[in-house]
Amino acid sequence: MNFSEVFKQSNQLCKVSPDGKYLATCVQYRLVVRDVNTLQILQLYTCLDQVAHMEWSSDSLFILCAMYKRGLVQVWSLEQPEWHCKIDEGSIGLLSSRWSPDGRHILNTTEFHVIGSLHSSSRYFGVNIFMALSVLGLDFSADGRYMALAERRDCKDYISIFVCDDWHLLRHFETETQDLAGVEWSPNGCVLAVWDSCLEYKMLLYSLDGRLLSTYSAYEWSLGIKSVAWSPSSQFLAIGSYDEKVRILNHITWKKLIEFEHPATITSSKAVVFKEVEKRPVVGTENVSIHQITLGSSLFNTQSKYEIASLPVQVTVVKPDLDRANPKIGISAVAFSADNRYLATKNDNMPQSLWVWDMQRLGLQAVLEQTAPVRCFVWDPRKPRLALCTGNAKVYLWSLAGCVSVKVPAEGNFQVQSLFWHGNGDSLVLLGKDQICLCYMATDEEK
């Protein structure tokens, strides 16, 4: 692995363009665009206020910068740096802003839950308005043809499906939910998943024409849904819930295929438990200079490695405070690998553990037991390789070959808070509190 130098960023606002050529970061009210290979600055834009949200258009030609407190959105052009567009929502406020899949429409949700579709013709923007009394969710199909909008009217939940080409309404129907919490299209765009709030475990699956395909409820009085993920092939739907279980639905009958539990004691002989072990290097004081005794000196950095633990293994469990709002319990994150082979899950009351499941044999493949709570994990977009971070100065990788812990050799106290892959899988973008660093993977030729 190789690492770049460290650059500044604010609010974790750092994104690679869809074509993979550019890296955009926000530093307070400035937008910086770099060449992703050389990291040289190509464009520098100045916004009217500190940026709260930043997003590339699908064709990598425009960048959206939203300033929610001021109700402003600014759009910048990469081809014509002197041109820009300002959208001012004024006194009605601004809750969210995002691109539509065609890269020529912007959807703004205001504090009065009015969604505006702003469309461009060459360099100019006009506006269409979608009225929604209470916006509950919004999602586009992967091919960019359809938009599903969930809303609440007269104490009932509704789904509206629009055709993105001309924004005409295709379907409008009421859902069988008590308090709709989310909507998500399957990757093939054939099925829309709709689920209820945490108070009721209910997953509804609708076809494109609004027909109800299936209703799945775990059991009576069961705890609700906390996380949802489709497999890239649309064959599986993983549902993580507050009862610390992941249920897998199949695409044939939309019934439960398997249920993955997260036991406090791991006994499965087919699973490998990788335990992170820390070791602080022993340094003699005789030959250490004053210059070397500095904050963040590599002499005193804690090193770590993975060891394969002998079964049975006791997983670190944190007892949640059930008297407080949003207790740390249940499956908060589920994600499939790009080849559909593996599923990674995180149980909030086992915060130091990351679970990897084999979807071919439908069993536990590996457990990574860290020394600190897992902050973020993401799959390589090209191969079954998992990257994760725990808020320290290291990045961790899992694959079938094993696990590795790598220290980020950045100056100062760089702590990895989150990370994401470049689209080609050759590099990782590491985000600290107010800095960014790129990690370059060894290619097959280099290996």
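Our subject is the structure listed above.
Below or above, wherever it landed, is the structure these notes cover. (Residues numbered from 1 in each chain as written. Predicted model: local features only at pLDDT ≥ 70, side-chain atom pairs only at ≥ 80, totals over all residues. Heavy atoms only, no water.)

In this section: the packing of aromatic side chains. Within the structure shown, the criterion is met by 15 aromatic pairs. Members of the aromatic cluster, connected to one another through ring pairs, are Phe62, Trp83 and Trp99. The ring of Phe7 carries the charged tip of Arg34 above its face, separated from the ring centre by 4.0 Å. (Phe/Tyr/Trp six-rings, centres within 6.5 Å; stacked < 30°, edge-to-face > 60°. Lys NZ or Arg CZ within 6 Å of the ring centre and 35° of its normal.)

Turning our eyes to something else, we now look at the pattern of salt bridges. Opposite charge on two side chains makes pairing possible when the charged atoms of those side chains draw close. As enumerated under the stated definition, the model contains 15 salt bridges in all. Across the pair Arg152 and Asp179 runs a salt bridge, and its minimum N-O distance is 4.0 Å. Of this pair, Arg152 sits in strand S16 (residues 146-153) while Asp179 sits in the loop between strand S18 (168-174) and strand S19 (180-185), and the two are 27 residues apart along the sequence. Judged by relative accessible area, which is 21%, Arg152 ranks as partly exposed. For Asp179, a relative accessible area of 36% corresponds to the partly exposed category. A salt bridge links Asp380 to Arg385; its shortest N-O distance comes to 2.8 Å. The residues Asp380 and Arg385 share a single accessibility class, namely buried. Through salt bridges with shared partners, one network takes in Asp243, Lys245, Arg247, Lys256, Glu259 and Glu261. (Salt bridge = Lys/Arg side-chain N within 4 Å of Asp/Glu carboxyl O. Helix = DSSP H or I, 4+ residues; strand = E, 2+ residues; numbered from the N terminus. Buried < 20%, exposed > 50% of the residue type's maximum accessible area, 1.4 Å probe, protein only.)

The next point concerns the sheet that holds strand S22 (residues 212-216). For sheets, the rule is that strands pair by backbone hydrogen bonds, running either parallel or antiparallel. Taken together, 4 strands build an open sheet; the order of strands is S19-S20-S21-S22 and the sheet is antiparallel. Of all strands in the sheet, those bounded by a partner on one side alone are S19 and S22. Strand-to-strand twist across the sheet, computed as the mean angle between neighbouring axes with direction ignored, equals 15°. Looking at chain direction, S19 and strand S20 (residues 191-196) are connected through 5 bridges and run antiparallel. When the sheet's bridge partners are listed, Leu180 is paired in S20 with Asp196. (Pairing = 2+ DSSP bridges. Axes fitted to C-alpha atoms, helices over the stretch in contact; angles between N-to-C directions.)

All told, the structure shown has 0 disulfides when counted by the stated rule. Here Cys26 is not cross-linked by a disulfide; its sulfur's nearest cysteine counterpart is in Cys65, at 4.7 Å. The class for Cys26 is buried, based on a relative accessible area of 0%. With no disulfide of its own, Cys437 lies closest to Cys439 among cysteine sulfurs, the gap being 7.4 Å. (Disulfide = S-S within 2.5 Å.)

Right, let's get into the pairing of S22. Residues in a regular strand point their side chains to alternate faces of the sheet. Bridge count for strand S21 (residues 203-207) against S22 is 4 bridges, and the pairing is antiparallel. Bridge pairing in S22 places Leu204 opposite Thr215. The hairpin turn running from S21 into S22, its antiparallel successor, is 4 residues long, and Gly210 in that turn takes a positive phi close to 85°.

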